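Per-entry structural report
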Amino acid sequence: MSNGVLEYIIFWAKALEVNLMKLSTLSSTAILISLASTAAFSQAQPSTNIPHLQKQGTATQLIVDGKPFLVLGAELNNSSASSMEYMRPLWSKIAATNLNTVLATVSWELMEPEEGRFDFSLVDGVIQDARRYNLRLILLWFGSWKNGKSTYQPLWVKANQQRFPLIQDEKGRGLPTLTTLSDTNRDADARAFAALMKHIREVDAAEHTVIMMQVENEVGVLGVSRDHSPVANQAFAGPVPKEFMDYLRTHKDTLIPELHKRWEAAGFKTSGSWEEVFGGGMETDELFMAWNYARYVGYVAAAGKAEYPLPMFVNTWLRQGKFKPNEDMPGGYPSGGPLPQVMDAWRAGGPAIDILAPDVHVPNYDDRCAWYMQSGNPLFIPESRGDSKGVAWAFSTAGKYDGIGYSPFGIDRLANPEGELAKGYQTLSQVAPLILERQGLGKVAAVLVDEATPRSKVRLGDYMIEARFARRSQDPNAPVAAPVDQVAGLFIQLGPDDYVIVGRSMRVDFESATDATQSVGLGTVEEGEYVDGRWVPGRRLNGDETPEWKALWFPGDRYTIQRIKLYRYR
Ligand code: DGJ
């Protein structure tokens, strides 16, 4: 039985008030079968319409209210959602920035100030305000960990380290980080998160304002590559858990290459301690931590899903590489977070987590996306930049990587109806339905171009389409605009010769992909807009507005849309 089906069974059991103890002890096959078929039906055609993930071709899409949804999001600063007063003037600016989703924090300390007493007033406030502005929410559960530290747990947890133990360094000193190797820590977090999900079901199961959950924030230990508390030392010296070994064996051919290599170098052993199976060194410390974080966070996610099974993801503080060399080793960045080299430990240890998501604050965007597309992981970018480069990345996420969505960090600062993000999201929202219809089916593509890579070509249908970066547009009618660093060309195939091309600061050229003896000409070119999904043409472009009478120009001040028909001649 798949995890998804199991989650639905538990959810339905709760919804139908079936006693879970009875369910397990009665070994009531009949109930299980009937719940399983309800679950299967729910997945095929979710009658309750809970936001969920669904495959389309090779893509995984987020389905909201029965339709694929592209998250045009942005994340609030960490403390913003702790005050409705602070938020009040922001909402209208956020909505005018053309977002459809806000990523907002729910902090454990504010939600459970005393053990077992929950206060959902902030959660209710943010849901109500989001609805007022027709915005969806992705809630970020700041529970046991935030950026590798534990600062969001309530004081009754913080102050009681006997009961809620911390990670220790090599000298036995406690770090300000809850250990993953404590069932008490895990159960307290899971109880609170389950209470949150139950509450969201009660207040939002009909409206679906909340569409996804982030569980914890950028987990992993900072300052050491692994936990050295006595219990962690014992686990590290003990055998690699059977569940992980089984996963490695059954997924041997599809493991992330870094892990496959380490396991191979140590002799592909099928049992033994962590160092026996994977060799020594910080990388093995990191893998051990990843397994333990995944077990803990996966448990918290599963407890939440048992109440209300929204899609759930974890976000990643990436290795900053050459940009911050001193942070380039486990412990310099949070050791054990869902980085690409330890993705398999996360998949095996936390199957209730649907998406491993990278926070991309530094180049190279294409590399980061490729890492997080491995082993069928759907792409969602919960934190990134919101300038013109960020907008290019948003286009690329949707069009090149079949992504679920994009979200720059710090909408408090970025909210600006005239800003880059507002302009980019305005255009992207016009073509989002076209993109979503085609994701995973080979009918939409995108490329990034800049000074370093000024040309990029992709095949779409029977044509090769090439974007050429033009720092200053040579379109005679284009307004003079400040040059941008990087832009995206987005290509959508409507029919054999019909395309929608979205671009900025670029020229776009075409070739036949099927017959090199044929030249490609522009049949018709219209610029225009999609209004409520309907194409509204503006100028018909020809002559000087189509360079060499065979290519397209896109001005530099904003993304624009051209709808074209191509033809061939020889
Ligand atoms: C990454 C964290 O995940 C966010 O919560 C935020 O603190 C940003 N860094 C700040 O840039």
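For clarity, every value in this text was computed on a predicted model and none was experimentally measured. (Residues numbered from 1 in each chain as written. Predicted model: local features only at pLDDT ≥ 70, side-chain atom pairs only at ≥ 80, totals over all residues. Heavy atoms only, no water.)

**Here we look at the sheet that holds strand β3 (residues 67–69)**
With antiparallel pairing, the three strands of this open sheet are ordered in space as β1-β2-β3. Each edge of the open sheet is held by one strand with a lone partner, namely β1 (52–56) and β3. Adjacent strand axes in the sheet meet at a mean angle of 55° when their direction is disregarded. Two elements, β1 and strand β2 (residues 59–64), share five bridges in a ladder whose sense is antiparallel. Looking across to β2, one finds that Gln54 is bridged to Gln61. Of the strands in this sheet, β1, β2 and β3 are in contact with helix α18 (residues 420–438), which crosses β1 at around 65°. (Pairing = 2+ DSSP bridges. Helix = DSSP H or I, 4+ residues; strand = E, 2+ residues; numbered from the N terminus. Axes fitted to C-alpha atoms, helices over the stretch in contact; angles between N-to-C directions. Contact = heavy atoms within 4.5 Å.)

**Quick look at the pairing of strand β8 (residues 174–178)**
Sheet analysis places strand β7 (residues 166–168) next to β8, joined by two bridges and oriented antiparallel. Considered in β8, the bridge of Gln168 is made with Gly174. Hairpin connection from β7 to β8: five residues lie between these consecutive antiparallel strands, with Gly172 at a positive phi of about 80°.

**Details of helix α13 (residues 282–307)**
The periodicity of an α-helix, 3.6 residues per turn, causes residues three or four positions apart to be oriented the same way. With 26 residues, α13 should reach 38 Å at 1.5 Å per residue; the first-to-last C-alpha distance of 38 Å fits that figure. α13 sits mainly inside the fold: 20 of its 26 residues count as buried. (Expected span 1.5 Å × (residues − 1). Buried < 20%, exposed > 50% of the residue type's maximum accessible area, 1.4 Å probe, protein only.)

**Considerations on the packing of aromatic side chains**
Across all of its chains, the model carries 23 aromatic pairs by this definition. When the centroid spacing of 5.9 Å and the interplanar angle of 15° are considered together, the rings of Phe118 and Phe120 count as stacked. Classification of Phe118 as partly exposed rests on a relative accessible area of 29%. When the ring of Phe395 is compared with that of Tyr559, the centres are 4.3 Å apart and the planes differ by 25°; the resulting orientation is stacked. With Phe395 in helix α16 (residues 388–399) and Tyr559 in the loop between β22 (552–554) and β23 (560–569), the pair connects residues that are 164 residues apart, well separated along the chain. For the pair formed by Phe395 and Tyr559, the shared burial category is buried. (Phe/Tyr/Trp six-rings, centres within 6.5 Å; stacked < 30°, edge-to-face > 60°.)

**Observations regarding the site of the ligand**
For the ligand, the full set of nearby residues is Asn78, Lys146, Asn147, Asn217, Glu218, Asp359, Glu383 and Phe409. Take Asn147: an N or O atom from its side chain is 3.5 Å from an oxygen atom of the ligand. With respect to the ligand, the side chain of Glu218 contributes an N or O atom lying 3.3 Å from an oxygen atom. Bound to the protein, the ligand loses 72% of the 290 Å² it would expose on its own. (Near = heavy atom within 4 Å. Polar contact = N/O pair within 3.5 Å; in protein donor to acceptor, adjacent residues only side chain to side chain. Areas by Shrake-Rupley, 256 points an atom, 1.4 Å probe, with all protein chains shown as cover.)

**With respect to the pattern of salt bridges**
Tallied over the entire structure, the rule returns 35 salt bridges. Where Glu85 meets Arg88, a salt bridge forms, and the shortest distance between an N and an O atom there is 2.3 Å. Of this pair, Glu85 and Arg88 both sit in helix α4 (residues 84–96), three residues apart, which is roughly one turn of the helix. On the basis of relative accessible area, Glu85 is assigned to the exposed category, the value being 57%. (Salt bridge = Lys/Arg side-chain N within 4 Å of Asp/Glu carboxyl O.)

**Overview of the side chain of Thr101**
Note on placement: Thr101 falls in strand β5 (residues 101–107). Take Thr101: its relative accessible area is 0%, and that puts it in the buried class. Among the polar contacts made by the side chain of Thr101, one reaches the side chain of Asn100 at a distance of 2.8 Å.

**Some details on the nonpolar core**
In this structure, Phe244, Trp346 and Val431 are the most contacted members of the largest nonpolar core, which totals 149 residues. The element best represented in this core is α13, accounting for eleven residues. What Trp346 contacts, discounting residues up to four positions off in sequence, is Val219, Ala290, Tyr293, Ala294, Val297, Val314, Gly336, Gly337, Pro338, Ile353 and Leu356. One finds Val64, Ile138, Leu140 and Ile211 within the second-largest nonpolar core, a separate group that totals 16 residues. (Core = buried A, V, L, I, M, F, W, Y, C linked by side-chain atoms within 4.5 Å.)

**Points about the sheet that holds strand β16 (residues 463–469)**
Reading across from one edge, β15-β16-β19-β22 is the order of the four strands in this open sheet, with antiparallel pairing throughout. Single-partner strands in this sheet number two, and they are β15 (455–460) and β22. Along the sheet, successive strands turn relative to each other by an average axial angle of 25°, direction set aside. As judged from the three bridges shared by strand β19 (residues 506–512) and β22, these two strands associate in the antiparallel manner. If you follow Arg507 over to β22, its bridge partner there is Trp553.

**What to know about the environment of Ser519**
By secondary structure assignment, the location of Ser519 is in strand β20 (residues 519–531). Look at Ser519 and you get partly exposed, because its relative accessible area is 30%. Taking C-alpha positions, Ser519 is 5.9 Å from Arg570, a pair spaced 51 residues apart along the chain. Residues in contact with Ser519, not counting those within four places in the same chain, are Tyr567, Arg568 and Tyr569.

**Some thoughts on the pairing of β20**
Look at any regular strand and the pattern is simple: side chains alternate between the two faces of the sheet. Taken together, the nine bridges between β20 and β23 define a ladder with antiparallel strand orientation. Looking across to β23, one finds that Glu526 is bridged to Arg563. Joining the antiparallel neighbours β20 and strand β21 (residues 534–540) is a turn of two residues, in which Asp532 adopts a positive phi near 50°.

**Things to note about the environment of Glu276**
Along the chain, Glu276 falls in helix α12 (residues 274–278). Put simply, Glu276 and Val240 are 36 residues apart on the chain and 9.2 Å apart in space, counted from C-alpha to C-alpha. If we ignore the near neighbours within four places in the chain, the residues touching Glu276 are Ala266 and Lys269.

**Side note on the confidence of the model for the protein chain**
When pLDDT drops low, the exact placement of atoms in the prediction is not to be read closely. With 89% of its residues at a pLDDT of at least 70, the protein chain reaches an overall mean of 91. Of the regions scoring below 50 in pLDDT, residues 15–47 engages in 31 contacts with residues more than four places distant in sequence or in other chains. (pLDDT = per-residue confidence, 0-100.)

**Some words on α16**
With twelve residues, α16 extends 17 Å from end C-alpha to end C-alpha; this agrees with the ideal 16 Å at 1.5 Å per step. Of all the twelve residues making up α16, twelve are buried; the element is thus mostly covered by neighbouring parts of the structure. Every buried residue of α16 is listed here: Ser388, Lys389, Gly390, Val391, Ala392, Trp393, Ala394, Phe395, Ser396, Thr397, Ala398 and Gly399.

**As for the packing of helix α9 (residues 230–237) against α13**
The contact between α9 and α13 brings their axes to 11 Å, and the two run at 110°. Taken together, α9 and α13 sit at an angle that is classed as roughly perpendicular. Here α9 contributes Ala232, Ala235 and Phe236 to the contact with α13, which in turn contributes Thr284, Asp285 and Phe288. Within the contact of α9 with α13, the residues separate by chemical class into four nonpolar, one polar and one charged. (Parallel < 35°, antiparallel > 145°, perpendicular 65-115°, else oblique. Nonpolar A, V, L, I, M, F, W, Y, C, P; charged D, E, K, R; others polar.)

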